[in-house]
Amino acid sequence: MSEPTCHVAVVYYSATGTIFTLADAVRAGAADAGAEVRLRRVEEIAPVQAIARNGAWVEHLAGTGHIPVATHDDLLWADAIVFGTPARFGNVASQLKQFLDTLSGLWMRDLLADKVYSGFTSTASAHGGQESTLLALYNSVYHFGGVIVPPGYKGHHDDSGGNPYGASHVTGDDGSIAIDDTASTAARSQGHRVATMAAALKHGLAAA
């Protein structure tokens, strides 16, 4: 078995499963590019009472309990980190933001610098803040000294359904619109591109 080209950590928050499904597609795309991938969820910090009022939330939380919770070691291990978050008023979900806010020690020692970063998201409506959420997410990466690798429009397979900031999906107000082929393909392509660029950066820096 050949050595992995690089290490990719896919770190996400998902309440009812949309971001989890996109995260798994990103994972698959990175693996297709030869990367070793860790799929990691961040801890749920929402009140139990709020979760209990939403059956889909309860079901998803129970069904993904086997996925390891993200740690600092996962980020240190990774050459590339892809963050996934649903939009919350055009911003990063508090669960993922809480994890990001624990990274000051790694940032202070420059341990998050010179890695590849990317992100993906979902919203209830078509103009619900996908771009602003990803731009807000990338603000942290600027401080890390990371290298942002967005999907852009590379390939121009379906510009009308693409989001150059990161793979995304519209779920509908009631969350009933499942991930379609367009979103799944976009997420998989993003994972592949991230792994490809991370491998190039990793081996280029090693040679230098």
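All of these numbers come straight from a predicted model, not from anything done at the bench.

J.: Would you mind showing me how to read the packing of aromatic side chains here?
T.: Under the counting rule described, the total for this entry stands at three aromatic pairs. Between Phe83 and Tyr117, the aromatic rings sit 6.4 Å apart at their centres with planes inclined by 20°, giving stacked as the arrangement. Placement of Phe83 in strand S3 (residues 80-88) and of Tyr117 in strand S5 (residues 116-123) is noted, with a sequence separation of 34 residues between them. You'll find Phe83 and Tyr117 in the same group, each marked buried. Taking 5.7 Å as the distance between ring centres and 45° as the angle between the ring planes, the aromatic pair formed by Tyr117 and Phe144 counts as tilted. You can see Tyr117 sitting in strand S5 and its partner Phe144 sitting in helix H7 (residues 130-144), a full 27 residues away along the chain. Accessibility classification places Tyr117 together with Phe144 in one group, the buried group.

J.: What's the story with the nonpolar core in this structure? I'm lost.
T.: The nonpolar side chains of a soluble globular protein tend to be buried, and buried together. The biggest cluster of nonpolar side chains holds 29 residues, and the ones touching the most others in it are Val11, Phe83, Leu96, Leu103 and Leu137. For this core, the secondary-structure elements that each account for two or more residues are strand S1 (7-12), helix H4 (72-77), S3, helix H5 (94-100) and H7. Here this core takes six residues from H7, the largest share from any one element. Discounting chain neighbours no more than four positions away, the residues touching Leu137 are Phe83, Val92, Leu96, Leu100 and Gly119. Ranked by size, the runner-up nonpolar core spans 26 residues in total, among them Val10, Leu39, Val116 and Ala187.

J.: I keep staring at H7 and nothing clicks. Help me out?
T.: In an α-helix, one turn spans 3.6 residues; hence positions three or four apart end up facing the same way. The end-to-end C-alpha distance of H7 is 22 Å, a good match for the 21 Å that 15 residues give at a rise of 1.5 Å each. Those residues of H7 that sit buried are Gln130, Thr133, Leu134, Ala136, Leu137, Tyr138, Ser140, Val141 and Phe144. Directly beyond the C-terminal end of H7, a positive phi value near 80° is found at Gly145.

J.: Got a minute to help me understand empty space enclosed by the protein in this structure?
T.: In this approach, a probe sized like a water molecule rolls over the atoms, and the result shows the empty space that is left. The full count for this structure, using the stated rule, is one cavity of 30 Å³ or more. Counted as a void, the largest cavity has a volume near 70 Å³. Lining the largest cavity are Tyr12, Tyr13, Ser14, Arg41, Val42, Glu44, His60, Leu61 and Thr64. For the lining of the largest cavity, the per-class residue count stands at four nonpolar, three polar and two charged.

J.: When you look at the packing of helix H1 (residues 18-32) against helix H8 (residues 181-207) in this model, what are you seeing that I'm missing?
T.: Each packed pair of helices is defined by two parameters, the angle between the axes and the distance between the axes. Close contact between H1 and H8 brings their axes to 6 Å; oriented N to C, the two are set at 45°. In terms of their interaxial angle, H1 and H8 are classed as oblique. Note on packing geometry: the crossing formed by H1 with H8 is right-handed. Residues Leu22, Ala25, Val26, Ala28, Gly29, Ala30 and Asp32 of H1 pack against Ala183, Ser184, Ala187, Arg188, Gly191, His192 and Ala195 of H8. Considering only residue class, the contact of H1 with H8 consists of eight nonpolar, four polar and two charged.

About the thresholds
Residues numbered from 1 in each chain as written. Predicted model: local features only at pLDDT ≥ 70, side-chain atom pairs only at ≥ 80, totals over all residues. Heavy atoms only, no water. Phe/Tyr/Trp six-rings, centres within 6.5 Å; stacked < 30°, edge-to-face > 60°. Helix = DSSP H or I, 4+ residues; strand = E, 2+ residues; numbered from the N terminus. Buried < 20%, exposed > 50% of the residue type's maximum accessible area, 1.4 Å probe, protein only. Core = buried A, V, L, I, M, F, W, Y, C linked by side-chain atoms within 4.5 Å. Contact = heavy atoms within 4.5 Å. Expected span 1.5 Å × (residues − 1). 1 Å grid on protein atoms, 1.4 Å probe; cavity = no way out; pocket = protein on both sides within 12 Å on 5 of 7 lines; lining within 4 Å. Points joined across faces, edges and corners; volume = space filled by probe spheres on them. Nonpolar A, V, L, I, M, F, W, Y, C, P; charged D, E, K, R; others polar. Axes fitted to C-alpha atoms, helices over the stretch in contact; angles between N-to-C directions. Parallel < 35°, antiparallel > 145°, perpendicular 65-115°, else oblique. Left-handed = near helix turned anticlockwise from the far one by under 90°.

Take it as geometry only, folks, not as evidence of what the structure does.
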